[in-house]
Amino acid sequence: MKIIAGNWKMNGTRTALSEMINALQNIDTQNTIILCVPYTLLNIDSGRIALGAQDTSTHDHGAYTGEVSAQMIAETGAKYVIVGHSERRQYHGETNNIVQQKAAAAMTAGLIPIICIGETMDEKQSGIAMQVIESGVRECVPPNTNKNIIIAYEPRWAIGAGITPTDDEIAAAHKLIADTLSNMGLTNIPILYGASVKATNAAQIMSIPNVDGVLVGGASLKPDDFIPIITNVK
Ligand code: 13P
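Chemist: Quick one: what's the story with the overall build of the chain, residue by residue and with numbers?
Modeler: A tally of regular secondary structure across the chain gives nine helices and eight strands. The C-alpha atoms of the chain give a radius of gyration of 16 Å, which matches the 17 Å a tight globule of 234 residues would have. Taken across its 234 residues, the chain has 50% of its residues classed as buried. In the chain, of all internal contacts separated by at least 6 residues, the share reaching a separation of at least 24 is 70%. Surface accessibility of the chain: about 10800 Å² in total, with carbon and sulfur atoms responsible for 49%. Looking at charge distribution, the chain has the averaged site of its 16 positive side-chain charges lying 3 Å from that of its 22 negative ones.

Pasting the structure below:
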């Protein structure tokens with residue numbers, strides 16, 4: 001059983017989400033399906049699909065115009081929230097420290113944070129990818145975390161690029177994440193792979209040890225692309 005999560009980013013309408021939910025309703029799978037959609041699409045009956053947000057404020061409430069708190073997200077019925085996505089880091093300057101605060105806020109509200117970590121192309125070329133991944137886990141996972149978190153390894157250079165790391169590189173990154181979590185006293189935390197996942201590579205990627213599922217961007221937007229990713233893997 002795997003976790004198949006979609007990240008719709010700033011895409012989607014109520015009609016598109018309804019169509020996706022209907023299309024996923026009767027497919028034959030035991031996998032967990034999560035769709036992380038814009039805030040405006042939360043609070044709809046999503047059937048067997050769990051919904052998630054894509055970011056949360058670090059604050060509970062107050063004078064933070066434009067922000068949405070984890071409690072507010074939880075109140076919609078959403079179960080998950082992505083924190084620390086590459087695009088938040090790139091366009092909004094989010095650091096590991098901020099991501100850790102967001103993950104903590106999510107857990108306090110009863111949400112499961114999907115904590116994204118991964119190296120840039122510069123970091124990969126400088127040979128420090130593994131340090132970035134390890135420190136990402138150590139610095140983004142809040143202290144006193146219970147087991148209700150998910151880690152997503154998203155090599156930032158591969159997002160939306162149509163290319164992925166090699167299977168050996170994915171295996172090494174996921175083993176490092178699992179080992180780092182274990183050293184922090186955390187076992188059995190799902191570790192997803194994300195970046196350029198599509199129907200043609202998803203099953204292979206999910207056969208790599210320590211890959212417990214995928215976080216899918218572009219290929220999660222349309223049922224014809226997303227459904228085979230879910231049904232090709234048991
Ligand atoms: P793509 O699948 O479009 O590369 O995006 C991955 C991603 O950012 C998921 O969070």
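Still more ground to cover, so stick around.
Chemist: Would you mind going over the packing of helix α1 (residues 14-25) against helix α9 (residues 223-231) in detail, with residue names and values included?
Modeler: Two numbers describe how α1 lies on α9: the axes approach to 10 Å, and their chain directions differ by 35°. Crossing of α1 against α9: the hand is right-handed. Of the residues in α9, those in contact with Met20, Ala23 and Leu24 of α1 are Pro223, Phe226, Ile227 and Ile230. The residue inventory of the contact of α1 with α9, partitioned by class, reads seven nonpolar, no polar and no charged.

Chemist: Please set out the site of the ligand residue by residue, giving values where relevant.
Modeler: Around the ligand, the neighbouring residues are Asn7, Lys9, His85, Glu154, Ile159, Gly160, Ala195, Ser196, Leu215, Val216, Gly217 and Gly218. A distance of 2.9 Å separates an oxygen atom of the ligand from a polar backbone atom of Gly217. Out of a free accessible area of 310 Å², the ligand has 94% covered by protein chains. Of the residues contributing to the shell around the ligand, the split by class is four nonpolar, six polar and two charged.

Chemist: Could you give me a rundown of the side chain of Ser46, with the residues and numbers involved?
Modeler: With respect to the element layout, Ser46 can be found in the loop between β2 (32-36) and β3 (50-53). One polar contact links the side chain of Ser46 to the main-chain carbonyl oxygen of Ile49, over a distance of 2.7 Å. Sequence-distant contacts of Ser46, that is, excluding residues within four places in its chain, are made with Ile21, Gln25 and Leu51.

Chemist: Tell me about the side chain of Asn96, and please be specific about residues and values.
Modeler: Relative to the helices and strands, Asn96 resides in helix α4 (residues 96-108). Classification of Asn96 by relative accessible area gives buried; the value is 17%. Engagement of the side chain of Asn96 in a polar contact is seen with the side chain of Arg89, the distance being 2.7 Å. Residues contacting Asn96, with those up to four places away along its chain left out, are Arg89, Ser135, Gly136, Glu139 and Cys140.

Chemist: Please set out the layout of surface pockets residue by residue, giving values where relevant.
Modeler: Of the voids in this model, the largest pocket is the one considered here, and its volume is about 530 Å³. Taken together, 23 residues line the largest pocket, and the ones lying closest to its centre are Tyr39, Gln54, Asp55, Arg88 and His92. By residue number, the principal contributor to the lining of the largest pocket is helix α3 (residues 86-92), which donates four residues. Of the residues that constitute the lining of the largest pocket, the class distribution is eight nonpolar, nine polar and six charged.

Chemist: Describe in detail unusual backbone geometry, supporting the description with residues and values.
Modeler: Backbone geometry at Asn43 places phi at a positive 70°, although glycine is not the residue there. Mapping Asn43 onto the fold places it in the loop between β2 and β3. Positive phi, close to 60°, is recorded for Ser196, a residue that is not glycine. By the secondary structure assignment, Ser196 is in the loop between β7 (191-194) and α8 (202-206). Ser196 gets classed as buried once you look at its relative accessible area, which sits at 15%.

Procedures and definitions
Residues numbered from 1 in each chain as written. Predicted model: local features only at pLDDT ≥ 70, side-chain atom pairs only at ≥ 80, totals over all residues. Heavy atoms only, no water. Helix = DSSP H or I, 4+ residues; strand = E, 2+ residues; numbered from the N terminus. Rg over C-alpha atoms; globule rule 2.2 N^0.38 Å. Buried < 20%, exposed > 50% of the residue type's maximum accessible area, 1.4 Å probe, protein only. Contact = heavy atoms within 4.5 Å. Areas by Shrake-Rupley, 256 points an atom, 1.4 Å probe, with all protein chains shown as cover. Lys, Arg positive; Asp, Glu negative; His and termini not counted. Charge placed at Lys NZ, Arg CZ, Asp CG, Glu CD. Axes fitted to C-alpha atoms, helices over the stretch in contact; angles between N-to-C directions. Left-handed = near helix turned anticlockwise from the far one by under 90°. Nonpolar A, V, L, I, M, F, W, Y, C, P; charged D, E, K, R; others polar. Near = heavy atom within 4 Å. Polar contact = N/O pair within 3.5 Å; in protein donor to acceptor, adjacent residues only side chain to side chain. 1 Å grid on protein atoms, 1.4 Å probe; cavity = no way out; pocket = protein on both sides within 12 Å on 5 of 7 lines; lining within 4 Å. Points joined across faces, edges and corners; volume = space filled by probe spheres on them.

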